Amino acid sequence: MAPHHPEDVRVKAARTPRRAVAAADRTRQPTEVRRRLIVEAAVPLIAERGYASVGVRDVAAAAGVSVGTVTYHFGSVQEILSEAMVLNIERYYAALNDAAEEASGGAEALRLLIDALFTQDTDRHWRMWFDYWSAGDRDQDPEQAFAGGQAKRYEDWHGQIRALVERGVVDGEFVCADPAGFTVRFAALSDGLALQRLRQAPPLSTEDARRHMYRLVETELGTGGR
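All of the points below concern the structure found in this document. (Residues numbered from 1 in each chain as written. Predicted model: local features only at pLDDT ≥ 70, side-chain atom pairs only at ≥ 80, totals over all residues. Heavy atoms only, no water.)

### Observations regarding the overall build of the chain
Looking only at helices and strands, one finds ten helices and zero strands in the chain. Each helix and strand of the chain, ordered N terminal to C terminal, gives the series α-α-α-α-α-α-α-α-α-α. Across the 226 residues in the chain, those meeting the buried criterion constitute 40%. Restricting the contact set of the chain to residue pairs at least 6 apart, pairs at least 24 apart contribute 68%. In the form shown here, the chain has an accessible surface area of approximately 12400 Å², with 53% of it arising from carbon and sulfur atoms. (Helix = DSSP H or I, 4+ residues; strand = E, 2+ residues; numbered from the N terminus. Buried < 20%, exposed > 50% of the residue type's maximum accessible area, 1.4 Å probe, protein only. Contact = heavy atoms within 4.5 Å. Areas by Shrake-Rupley, 256 points an atom, 1.4 Å probe, with all protein chains shown as cover.)

### Examining helix H6 (residues 106-117)
In a regular helix each residue adds 1.5 Å, so twelve residues correspond to 16 Å; H6 covers 16 Å between its end C-alpha atoms and thus fits that length. Taken residue by residue, H6 has Gly-106, Ala-109, Leu-110, Leu-113, Ile-114, Asp-115 and Leu-117 as its buried positions. (Expected span 1.5 Å × (residues − 1).)

### Some details on the nonpolar core
Membership of the largest hydrophobic core comes to 58 residues, with the highest contact counts inside it found for Leu-110, Trp-157, Phe-182 and Phe-186. The set of elements that each furnish at least two residues to this core consists of helix H2 (31-49), helix H3 (56-63), helix H5 (77-101), H6, helix H7 (123-135), helix H8 (145-170), helix H9 (179-199) and helix H10 (206-221). Of the residues forming this core, the biggest block, twelve residues, is contributed by H5. Other than its neighbours up to four places away in sequence, Leu-110 contacts Leu-164, Val-165, Phe-174, Phe-182, Phe-186, Val-217 and Leu-221. (Core = buried A, V, L, I, M, F, W, Y, C linked by side-chain atoms within 4.5 Å.)

### Notes on the pattern of salt bridges
Inspection of every chain in the model, using the stated rule, returns 14 salt bridges. Salt-bridge contacts for Glu-40 lead to Arg-36; the nearest nitrogen and oxygen are separated by 3.1 Å. Here Glu-40 pairs with Arg-36, and both are found in helix H2, just four residues apart, close to one helical turn. Arg-162 is the salt-bridge partner of Glu-166, the closest N and O atoms lying 2.9 Å from each other. Taken as a pair, Glu-166 and Arg-162 lie in helix H8 at a separation of four residues, close to a single helical turn. In this structure Glu-166 comes out as partly exposed when scored by relative accessible area, which is 33%. The partly exposed category is assigned to Arg-162, whose relative accessible area is 36%. (Salt bridge = Lys/Arg side-chain N within 4 Å of Asp/Glu carboxyl O.)

Structure follows, in structure tokens:
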């Protein structure tokens, strides 16, 4: 046993500060902060591996906490993943909304929205969105947390699009007798193009995806396109 003793001492010495820090954090951090820490750690795991491949131990390791800490704050891994997906999606659409709000008018705002929807960087968002989409149909979601959360995200997203169209109509940039109908078609086309882009069947570039969206706006709202 003697040859192993120095190593055992080093391991214990290395681990002790981490346990002490974690305990201190648990003492001074309120529950909502610890929950947020765990959820934040789950976001990149889902983006990299997919919802179905992330477990409680994975989340605990990424957050730097024990499995017991995770299970104390969350009733199930589905609850963690649902909150993580919502967090990522809300951040994504909040950034889109901020960019649109700074635009000079409805036409520019929709163009900025389309540009932001289709970039190389947004592929990660779309992967999470479709994973979130399918999670609502799974048996391990008995309380419909995913389905209910997604319905709320779609409601907010539709409201954002419609507000931009109505803004353009008021400003005289658009002609649209049915903003609600246009909103449904805009959201459906963006979802469909995003799915095609991710699967590349058939191949679709970000530039071509944008062009399809520009054409929809031009055709239905009477703009001159980009």
